[in-house]
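Close look at the chain arrangement
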Amino acid sequence: MRPTYLIAVVLACVSLVSTAWAQTPFSLRGLGQNVEAGTARDWGRGWGLADRDTLTPGSANPAALADLRFVQLLFAGTGERTLDDGPEHDRVSWRTTLPNVRLAFPLRSGSLAMQTGFHVKRSFLYESFTIGEVERFGQVFGIEETYSRSGNLFEIPIGLAWRPLDGLALAASINLVRGPVEDRIVQTFSGDPLVNDHANRLEFEGQSATLAALWTAGRLSLGAVVTPGHDLDVERTVSMAAVAGEARTEDRVAMPTDYRAGVAVELGGGWRLGADGTFAEFGDLGDDSVWGPGLRDEWSVGVGLERRLRRSDRGRDYRAPLRLGFMTRRWGHEVGGAPVDERVISLGTGVPFRNWLGSIDLSLSYAWIGNEADNGVRSQALRLGVSISGLERLVF
Amino acid sequence: MPRPLLPTGSRCRGFLSIMLTTLALMVGLASCTSDDANPMGAGFGNTALDTLMRELVVQDLAHHGQLEVGDPARPLDQADVLYLGGRDGDASSIVVNFDFASLAHPDSVALDTLLTDDNVTSVRLKLLQLLWYLPGHGGLVDEDDESLRPWAGASKVFDVHQLSAPYDTLSFPDDEPAYDPNLLSLSSEPAATSSLIFVNLEKATVLRWVRERARVGILIREGPGSTPGLVGFSSKEMQFGGSTLDTDNALTALGPSLVFSLNRTPDYWDSGRQNYIQQPAADASTWHDLQETSSDPSERIEVRAHLRSYPVLRFDPGVLPERIRVNLAQVVLHVDTSRTHGPPNILTVSEYALDNAPDGTRTRVILDDVDDAADLIGGGRVEPEDVEGTVVRLNVTSALQRYVNGLQDTDTGFLIAHGERFFRGFASSPGPGFYFSRWVFHGTGADPELRPRLEILYTRIDDLTDGGGD
């Protein structure tokens, strides 16, 4: 694929990506919403940690990069329509995001590669609006309150992937973790009282390290990714419009070890069966964390089938990949005193670039998040995932 | 053969269809708009300003100074209104100087043959009473308005005396000047409460002034049998209302004038004109009794117009927490209706350096000093019609926020004044020098609910971070 063509496609997609005040209302609490790592290929089949694709390496497990032979530029984004149902209100919201971008290039073709980019790990984006009234000095004032939360927690990895043995690939990266999260409350009143415009902003900054391995033996692949627990510096800035000065406090927050493991089995006929599991002990952070009370351990399990991309029998055409997946996740915080569970079904496909130098992959998934009985709200999200992976011989 | 940029054949069609579908979906998603925010998710957040708009009442009046404001550009003898009568300890008569020496001018020589005893049938003093002082305030306002007391008008007996000497125009407020006790006015009956008032004078005396080309002064006093009350008349400087008057020559002179009714008039006069008008050389109100404005805030707090007097108040702000958003701060004053009178006027509130209005004193200043020192507080304005019942609320929110933010360089208080000309956008018309009025508010010695106070609604910025303690 010509670089100019790839760049044009990427720019066209990026230019369309914008964010709206839209996500599930569960992202208003605690750790916000988990953002999927990987690409549309992983989202479509529900797994990716044990994916070994020697031509177009996946991104869920950085050890897979050890097979890289060309420079890879990868963009993965989603468009999402969410319907939130509550006992008295419902809301439809839309958003588009581009959470994963990666640039990787081989240092030694097929055995050593380097990567960087960014990955949004958690996202906070919702806005609620309520009206009410309050009586002061014998006078009743109407109140319109907008409560919004915005921001994200992202990391910039810089790492290496290395294949020391034929069936084993290893990877390590240092991740610069950054992220602003802002809670904003705007209260306007009827009559003379002036507006309250209150912002509580958290700025996270720190580093983490990620270790990864990908082991392949015959039809079986095993993958594991571990990001050990680490501390993040947190600067809290509290401000209110018209009030002089900002209150700044500094703190540290402990992030738990993030465990990820996956398995994939070649079934024959181009079919693969795989599964991923993740676990993070957010529950150990306690109620005094900057994330607020009600944190719980976060885990997920995904499983799915994939019919791989391959040439047609006549050799002139491709047989499109087909992916089916299911994933269940328990969120890292509770709402209404009950855990928030998410279940996702998905399917996906893709198309390669010429000479198989990269691909465009699509996924379509439907998610059910929470339930009205326990959490007060149920969200249903329809997500379109798009990822573009381009491979080029640039300077290497 | 060059390599094509895109896949060819069936691969091309597949590739293009997926690309176009993808782009169409992304365009579609990007153009979709979310529903407006609604109560969905309310209460999910970890934080909430649930202690918004705390109430705080400050009744400790830490400072009270009173400014007695003079206007050198428009001294009392150049006021638009002349006052007669008395009210609540204030009393005034009217002094007028006439200068008949002007008749010595060659242009006036023809008048010598007209202002003679046989040609002048009568000499009257003409006064133009302002509409506000007519019954029902001349219909200017709704008498049902509680902020305005019903007014039936005041029928006055106008006693006119000759002054011992023409008065000094800059001597008032002061006692009435010495005068001849003999009356120049011929009637001791109350005049009708009309706009135009004529008082018959002794013709012989006035014609003597004419003959002698005299400079004389007269004193117009409230005579026995008058209805109590303070009423106002147009002065020669009156700048309002002239255009609404008839063009009759007798009426176009707005100040106190002498009207000579003539049998014979010059040929060059308009037909129908039968009067010669002698306009005043000077006129003024004496304000020989003037109740001092209060320097004791426990007794009352007062805003006076015409003879401007404005209070400067400071409430003890020490009780204010730090780092708060002042949602609303109002100086609340309760009108003492038993002592308040006069046409209501716009009230404004400004920040004013306390050094310029020492505590417990009356300080004489000039209007330009107030202009220089007063920093009008945006929104701190009360129109008379905005007064609910007897409560006046002056919005000082922005000033208090500046105080909380530590942005005030000096100790300041709240200057309560009328809508002076230099308060851009807040100037009243007519200005505060026009009507005499007193807005009297209950002082700190009144019942607690009537005392002056500063009512504050505020929200603590730290409510989110420390649990919203008190």
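Along each chain, numbering runs from 1 in the same order as the chain's sequence is written. Labels follow written order: the first chain is A, the first ligand is 1, and so on. A pLDDT threshold of at least 70 governs which residues receive local features in this predicted model, and a stricter bar of 80 or more applies before side-chain atom pairs are shown or counted, although totals over entire chains, interfaces and linings include all residues. Computation of side-chain values covers all heavy atoms of the structure but excludes hydrogens and water.

Details of the overall build of chain B
Here a helix means four or more residues in a row that DSSP labels H or I, a strand means two or more in a row labelled E, and each is numbered from the N terminus. Helix and strand counts for chain B come out as five helices and 24 strands. The cut-offs for exposure are 20% and 50% of the maximum accessible area for each residue type, with area from a 1.4 Å probe on protein chains only; residues under the lower value are buried, those over the upper are exposed, and the others partly exposed. Per-residue burial over chain B gives 53% buried out of 470 residues. Once local pairs closer than 6 in sequence are excluded, the contacts in chain B between residues at least 24 apart make up 82%. When the accessible area of chain B is evaluated, it comes to approximately 20,400 Å², of which 48% is carbon and sulfur surface. Residue contacts follow a heavy-atom distance rule, with two residues in contact if any of their heavy atoms lie within 4.5 Å. Values of accessible area rely on a 1.4 Å probe in the Shrake-Rupley scheme; residue burial ignores everything except the protein chains shown.

Let's talk about the pattern of salt bridges
The salt bridge criterion pairs a side-chain nitrogen of Lys or Arg with a carboxyl oxygen of Asp or Glu, the two atoms within 4 Å. For the coordinates displayed, the defined rule picks out 51 salt bridges over all chains. Notably, a salt bridge pairs Asp-51 of chain A with Arg-272 of chain A, separated by 2.9 Å at the nearest N-O pair. Taken together, the positions of Asp-51 of chain A in the loop between helix H2 (40–45) and strand E2 (71–85) and Arg-272 of chain A in strand E12 (residues 271–280) put the pair 221 residues apart, joining distant regions of the chain. Between Glu-237 of chain B and Lys-236 of chain B there is a salt bridge, with the nearest N and O atoms lying 2.9 Å from each other.

Focus on unusual backbone geometry
Negative phi characterises most residues that are not glycine, and trans characterises most peptide bonds. All names here are of chain B. Residue Pro-173 follows Phe-172 across a cis peptide bond; omega there is 5°. You can see Pro-173 is positioned in the loop between strand E7 (158–163) and strand E8 (179–183). A positive phi angle, near 50°, is found at Met-53, a position not held by glycine. Among the secondary structure elements, Met-53 is positioned in the loop between helix H1 (9–31) and strand E1 (54–58). For Arg-213, which is not a glycine, the phi torsion comes out positive at approximately 50°. Tracing the backbone through its elements, the reader meets Arg-213 in the loop between helix H2 (203–211) and strand E10 (215–222). Overall, Arg-213 belongs to the partly exposed group, its relative accessible area being 23%.

Looking at empty space enclosed by the protein
All names here are of chain A. A cavity, in this analysis, means grid points on a 1 Å lattice covering only the protein atoms where a 1.4 Å probe fits yet has no way out; a pocket is instead an open set bounded by protein on both sides within 12 Å along at least five of seven lines, and a residue lines either one if it has an atom within 4 Å of a point. Grid points are joined across faces, edges and corners, and a volume is the space filled by probe spheres set on the points. Tallied over the entire structure, the rule returns seven cavities of 30 Å³ or more. The space that makes up the largest cavity amounts to roughly 210 Å³. At the level of secondary structure, the elements contributing two or more residues to the lining of the largest cavity comprise strand E4 (112–136), strand E5 (139–165), strand E9 (230–240) and strand E11 (258–268). Looking at which element gives the most residues to the lining of the largest cavity, the answer is E4, with three residues. Along the lines of polarity and charge, the residues of the lining of the largest cavity split into nine nonpolar, five polar and six charged. Throughout this entry, Asp, Glu, Lys and Arg are counted as charged residues, while Ala, Val, Leu, Ile, Met, Phe, Trp, Tyr, Cys and Pro are counted as nonpolar. The remaining residues, Gly among them, count as polar.

A few points about the nonpolar core
Residue and element names in this part refer to chain B. By nonpolar core we mean a set of buried residues, namely Ala, Val, Leu, Ile, Met, Phe, Trp, Tyr and Cys, connected to one another through side-chain atoms within 4.5 Å. The biggest cluster of nonpolar side chains holds 60 residues, and the ones touching the most others in it are Phe-100, Leu-115, Leu-125, Phe-158, Ile-218, Ile-220 and Phe-260. Tallying contributions element by element places strand E6 (residues 120–128) first for this core, with five residues. Residue contacts for Ile-220: discarding those within four places in its chain leaves Leu-84, Ser-93, Ile-94, Val-96, Leu-125, Leu-127, Phe-158, Asp-159 and Val-160. Val-335, Ala-357, Ile-456 and Tyr-458 belong to the second largest nonpolar core, which has 48 residues in total.

Focus: helix H5 (residues 397–404) of chain B
For H5 of chain B, the set of buried residues is Thr-397, Ala-399, Leu-400, Gln-401 and Val-404 of chain B. A positive backbone phi angle near 70° is found at Gly-406 of chain B, which sits one or two residues after H5 of chain B.

Focus on a nonpolar patch on the surface
There is a patch of nonpolar side chains on the surface, built from Val-265, Leu-267, Leu-273, Val-303, Phe-326 and Ile-345 of chain A and spanning about 450 Å² of accessible area. Tracing the backbone through its elements, the reader meets Leu-273 of chain A in strand E12. In this scheme, patches are assembled from residues that exceed 30% relative accessible area and form no salt bridge. Like charges are connected within 9 Å, while nonpolar side chains (Val, Leu, Ile, Met, Phe, Trp, Tyr) are connected within 5 Å.

A few points about the layout of surface pockets
Residue and element names in this part refer to chain B. Considering only enclosed or pocket space, the second largest pocket measures out at about 970 Å³ in volume. Counting only elements with at least two residues in the lining of the second largest pocket, the list comes to strand E2 (61–70) and strand E19 (362–366). Ranked by residue count, the leading element in the lining of the second largest pocket is E19, at four residues. Grouping the amino acids of the lining of the second largest pocket by side-chain chemistry returns 17 nonpolar, nine polar and twelve charged.

A closer look at the sheet that holds E8 of chain B
Remark on secondary structure: sheet strands pair via backbone hydrogen bonds, oriented parallel or antiparallel. All names here are of chain B. On the basis of which strands lie adjacent, the open sheet formed by five strands has the order E8-E7-E10-E5-E14 and antiparallel pairing. The open sheet has two free edges, formed respectively by E8 and strand E14 (282–285), since each of these has just one partner strand. For this sheet, the mean angle separating the axes of adjacent strands, direction not counted, is 25°. For two strands to pair, DSSP has to find at least two bridges joining them. Orientation is described by axes fitted as lines to C-alpha atoms, over the contacting stretch for helices, and by angles from 0 to 180 degrees between their N-to-C directions.

Observations concerning the confidence of the model for chain A
All names here are of chain A. Summary of the metric used: pLDDT quantifies the predictor's per-residue confidence within the range 0 to 100. Per-residue confidence for chain A gives a mean pLDDT of 88; residues scoring 70 or more make up 92%. Per-element confidence in chain A ranges from a low mean pLDDT of 50 for helix H1 (residues 3–16) to a high of 97 for strand E8 (residues 220–227). Taken together, the stretch residues 14–22 has pLDDT below 50 and engages in 31 contacts with residues farther than four places along the chain or on a different chain.

Observations regarding the pairing of strand E21 (residues 391–395) of chain B
The side chains of a regular strand alternate between the sheet's two faces. Residue and element names in this part refer to chain B. Counting buried positions along E21 gives four out of five residues, so the element sits mostly inside the fold. Two elements, strand E17 (residues 324–334) and E21, share five bridges in a ladder whose sense is antiparallel. Looking at E21, one finds that Gln-330 is bridged to Asn-395.

Observations concerning the packing of aromatic side chains
The aromatic pairing rule takes the rings of Phe, Tyr and Trp, using the six-membered ring of Trp, and pairs them if the centres are within 6.5 Å, calling planes under 30 degrees apart stacked, those over 60 edge-to-face and the rest tilted. Overall, the coordinates contain 18 aromatic pairs over all chains when judged by the stated rule. Ring-pair connections join several aromatic residues into one group, and the members of that group are Tyr-83, Trp-132, Tyr-133, Trp-287, Phe-434, Tyr-435 and Phe-436 of chain B. Placement of a charge over a ring requires the Lys NZ or Arg CZ to be within 6 Å of the ring centre, with the centre-to-atom vector within 35 degrees of the ring normal. Over the face of the ring belonging to Tyr-126 of chain A we find Arg-91 of chain A, whose NZ or CZ atom lies 5.0 Å from the ring centre. The ring centre of Trp-269 of chain B lies 3.7 Å from the NZ or CZ of Arg-273 of chain B, which sits over that ring.

What about the confidence of the model for chain B?
Residues shown with low pLDDT carry predicted positions that ought not to be read at fine detail. Residue and element names in this part refer to chain B. Mean pLDDT over chain B stands at 84; residues scoring 70 or higher make up 83%. In this model, residues 1–8 is a region of pLDDT below 50 whose contacts with residues beyond four sequence positions or in other chains number eleven contacts. pLDDT under 50 marks residues 242–249. Its contacts with residues more than four places away, or in other chains, come to ten contacts. Among the prediction metrics, the complex's ipTM stands at 0.79, with pTM recorded as 0.82.

Focus: the side chain of Arg-323 of chain A
Residue and element names in this part refer to chain A. With respect to the element layout, Arg-323 can be found in strand E16 (residues 322–335). By the criterion applied in these results, polar contacts are pairs of N or O atoms within 3.5 Å in which, for protein atoms, one can donate a hydrogen and the other can accept it, and in which residues neighboring in sequence qualify only through two side-chain atoms. Among the polar contacts listed, one links the side chain of Arg-323 to the side chain of Glu-306, at a separation of 2.8 Å. Of note is the side chain of Arg-323, whose polar atom sits 3.0 Å from the backbone oxygen of Thr-349. Sequence-distant contacts of Arg-323, defined by excluding residues within four places in its chain, comprise Arg-41, Gly-44, Arg-45, Leu-305, Glu-306, Ser-346, Leu-347, Gly-348, Thr-349, Gly-350, Asp-361 and Leu-362.

Quick look at the sheet that holds strand E3 (residues 81–87) of chain B
Residues and elements named next belong to chain B. Overall, antiparallel pairing links the three strands, which are arranged E4-E3-E11 in an open sheet. Looking at the sheet topology across the chains shown, the edges are occupied by strand E4 (90–92) and strand E11 (229–234). The sheet shows a mean angle of 30° between the axes of neighbouring strands, taken without regard to direction. Strand direction decides the pairing type here: E3 and E4, joined by three bridges, are antiparallel. Directly across from Gly-86, in E4, lies its bridge partner Ala-91.

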